[in-house]
Amino acid sequence: MEYIYAALLLHKAGKKVDEHGVKAVLTAAGVAADESRIKALIAALDGVNIEDAIKAAAVVPVAAAAPAAAAHAAPAKEEAKEEHKKEDEESGMAGLGALFG
């Protein structure tokens, strides 16, 4: 991920995203840069409009689905607490039995 972050940082700063720039960012961050990974990243980004890719990644329907999922998760959370409490009591008793062989 640090390679992608380096490319995004260069893009955000208005610099050219190339092998030299990515390596410089990684080195400045204290990351041992792997030349082959840098070359693969630059090759993968060839012809890609980074602004369009960022906009496409920020999808609104995913954020809208989160509240619905949270509403369904609330009852399950309460049930999980009850089950967890029962498990704690049972595991405590089993642990004591193991002490005495």
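As the structure is a computational prediction, the values presented were derived from the model and not from experiment. (Residues numbered from 1 in each chain as written. Predicted model: local features only at pLDDT ≥ 70, side-chain atom pairs only at ≥ 80, totals over all residues. Heavy atoms only, no water.)

Tell me about the confidence of the model for the chain, and name the residues and values.
Summary statistics for the chain give a mean pLDDT of 78 and a share of 57% for residues scoring 70 or more. Across the chain, element-level confidence peaks in helix H2 (residues 19-28) with a mean pLDDT of 95 and bottoms out in helix H5 (residues 60-99) with 57. (pLDDT = per-residue confidence, 0-100. Helix = DSSP H or I, 4+ residues; strand = E, 2+ residues; numbered from the N terminus.)

Explain the pattern of salt bridges to me, and be specific about the residues and the numbers.
Applying the stated criterion across every chain yields a total of one salt bridge. A salt bridge links Lys23 to Glu35, with the shortest nitrogen-to-oxygen separation between them at 2.8 Å. Residue Lys23 is located in helix H2, and its partner Glu35 is located in helix H3 (residues 35-45); the two are separated by twelve residues in the primary sequence. Glu35 sits in the partly exposed class, given a relative accessible area of 34%. (Salt bridge = Lys/Arg side-chain N within 4 Å of Asp/Glu carboxyl O. Buried < 20%, exposed > 50% of the residue type's maximum accessible area, 1.4 Å probe, protein only.)

How would you summarise a nonpolar patch on the surface if you had to cite specific residues and measurements?
A cluster of nonpolar side chains, Met1, Ile4, Tyr5, Leu8 and Ile54, forms an exposed patch at the surface whose accessible area comes to about 490 Å². For the nonpolar patch, the element with the highest residue contribution is helix H1 (residues 2-12), accounting for three residues. By the element assignment, Met1 lies in the segment before H1. On the basis of relative accessible area, Met1 is assigned to the exposed category, the value being 56%. (Patch = residues over 30% accessible without salt bridge, like charges linked within 9 Å, V, L, I, M, F, W, Y side chains within 5 Å. Areas by Shrake-Rupley, 256 points an atom, 1.4 Å probe, with all protein chains shown as cover.)

Could you give me a rundown of the environment of Val25, with the residues and numbers involved?
Relative to the elements of secondary structure, Val25 occurs in helix H2. Note on Val25: relative accessible area 19%, which makes it buried. Each C-alpha atom, one on Val25 and one on Ala6, is 5.9 Å from the other, the two residues being 19 residues apart in sequence.

Tell me about H3, residues and numbers included.
One full turn of an α-helix is made of 3.6 residues, so residues set three or four places apart face in the same direction. Looking only at H3, the buried set comprises Ile38, Leu41 and Ile42. Buried residues along H3 cover an arc of 95° about the axis, so they all sit on one side. Exposed side of H3, more than 90 degrees from the buried face: Ala43 and Ala44 are the residues found there. Lining the buried residues of H3 we find H1 and H2. Gly47 lies just past H3 and shows a positive phi near 85°. (Arc of directions from axis to C-beta. Contact = heavy atoms within 4.5 Å.)

I'd like a rundown of the nonpolar core, residues and numbers included.
Of all hydrophobic cores here, the largest spans ten residues; its members are Tyr3, Ala6, Ala7, Leu10, Val22, Val25, Leu26, Ile38, Leu41 and Ile42. Secondary structure elements with two or more residues in this core: H1, H2 and H3. For this core, the element with the most residues is H1, which contributes four residues. In contact with Ala7, other than residues within four places in its own chain, are Val17, Val22, Leu41 and Leu45. (Core = buried A, V, L, I, M, F, W, Y, C linked by side-chain atoms within 4.5 Å.)

Which residues make up the packing of H1 against H3, and what values do they have?
Between H1 and H3, the shortest axis-to-axis distance is 10 Å and the interhelical angle comes to 55°. With respect to H3, the axis of H1 lies oblique. Where H1 crosses over H3, the two elements pack in a sense that is right-handed. When H1 is examined against H3, the residues Glu2, Tyr3, Ile4 and Ala7 are found in contact with a partner set consisting of Arg37, Ile38, Leu41 and Leu45. In terms of residue class, the contact of H1 with H3 is made up of six nonpolar, no polar and two charged. (Axes fitted to C-alpha atoms, helices over the stretch in contact; angles between N-to-C directions. Parallel < 35°, antiparallel > 145°, perpendicular 65-115°, else oblique. Left-handed = near helix turned anticlockwise from the far one by under 90°. Nonpolar A, V, L, I, M, F, W, Y, C, P; charged D, E, K, R; others polar.)

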